[in-house]
Amino acid sequence: VPSAEDPRIHPVVDSISAERIERDIRTLVGFGTRHTMSDTVSTTRGIGAARRWVFDEFRRISAACGNCLEVKYVSDVIKGDSTSRIRQDVNIVNVVAILRGRTDPNRYVLLSGDIDSRVSNVMNATADNPGANDNASGVAAILEAARVLSKYQPDASIVLAGLSGEEQGLYGGGILPAGAK
């Protein structure tokens, strides 16, 4: 039986850097908290600083490939509800980078990670909650995928998304389709 392995995958896999992934995880952990309801103004702490850093990383990756990525924010205001994990109105902001497909640009592959994190008390927006494994590692993976895949021209479009509001009720994933095309 002939192998179904595609030899073109080897250079892609070989270019993945564990060191870059670890660096990105450490950077995200360094924001202290990335809770959906945390600080959006600080340049060093909270969900706002984290999402701006992810946006800037996507922009740097895009610049290195001749602006091959469309980088944007996709957001929506979620209304507060005293019975939910969102008690006051909040602007949920995802960070999205799209690598357009060469031959089938209307077919999409989606890779996502959650920018937000939380402590055991899901309502505590101020305590440090570094979230290295939930889910800085996922965001680091999509950044590394962007770095590696931006060197190629895929047939289908690849959407790389850093989602917010996931720990409060999967809100980022819910608003993503409207802005990911």
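See the structure printed just above.
Residues numbered from 1 in each chain as written. Predicted model: local features only at pLDDT ≥ 70, side-chain atom pairs only at ≥ 80, totals over all residues. Heavy atoms only, no water.

**A word on the nonpolar core**
Turning to step 1, where the next piece is worked out: Residues L28, V54, F58, L69, I115, L143 and L160 are the most contacted members of the largest nonpolar core, which totals 26 residues.
Turning to step 2, where the next piece is worked out: For this core, the elements supplying multiple residues, two or more each, are α2 (18-29), α3 (47-64), β1 (69-78), β2 (90-99), α4 (132-149) and β4 (156-163).
Turning to step 3, where the next piece is worked out: Counting residues per element, this core draws most heavily on α3, at 8 residues.
Turning to step 4, where the next piece is worked out: Among the nonpolar cores identified, the runner-up in size contains 8 residues, and V74, A161, L163 and L176 belong to it. (Core = buried A, V, L, I, M, F, W, Y, C linked by side-chain atoms within 4.5 Å. Buried < 20%, exposed > 50% of the residue type's maximum accessible area, 1.4 Å probe, protein only. Helix = DSSP H or I, 4+ residues; strand = E, 2+ residues; numbered from the N terminus.)

**Some points on the packing of aromatic side chains**
Turning to step 1, where the next piece is worked out: Applying the stated criterion across every chain yields a total of 2 aromatic pairs.
Turning to step 2, where the next piece is worked out: Relative to W53, the ring of F31 has its centre 6.4 Å away and its plane inclined at 55°; by these criteria the two rings are tilted. Placement of the pair is F31 in the loop between α2 and α3 and W53 in helix α3, with a sequence separation of 22 residues. The same class applies to F31 as to W53, namely buried. (Phe/Tyr/Trp six-rings, centres within 6.5 Å; stacked < 30°, edge-to-face > 60°.)

**Regarding the state of the cysteines**
Turning to step 1, where the next piece is worked out: Counted under the stated rule, the structure contains 1 disulfide.
Turning to step 2, where the next piece is worked out: A sulfur-sulfur distance of 1.9 Å marks the disulfide that ties C65 to C68. Taking the torsion about the sulfur-sulfur bond, which here is approximately -85°, the covalent link between C65 and C68 counts as left-handed.
Turning to step 3, where the next piece is worked out: Residue classification places C65 among the partly exposed positions, given a relative accessible area of 22%.
Turning to step 4, where the next piece is worked out: The exposure class of C68 is partly exposed, given its relative accessible area of 23%. (Disulfide = S-S within 2.5 Å.)

**Notes on the pairing of β2**
Turning to step 1, where the next piece is worked out: With 9 of 10 residues buried, β2 is to be regarded as a mostly interior element.
Turning to step 2, where the next piece is worked out: In this sheet, β2 lies alongside β1 in antiparallel orientation, the contact comprising 10 bridges. By the bridge assignment, L69 is partnered in β2 with L99.
Turning to step 3, where the next piece is worked out: Across 5 bridges, β2 lies against β4 in antiparallel orientation. Residue pairing across strands places I98 opposite V159, the latter belonging to β4. (Pairing = 2+ DSSP bridges.)

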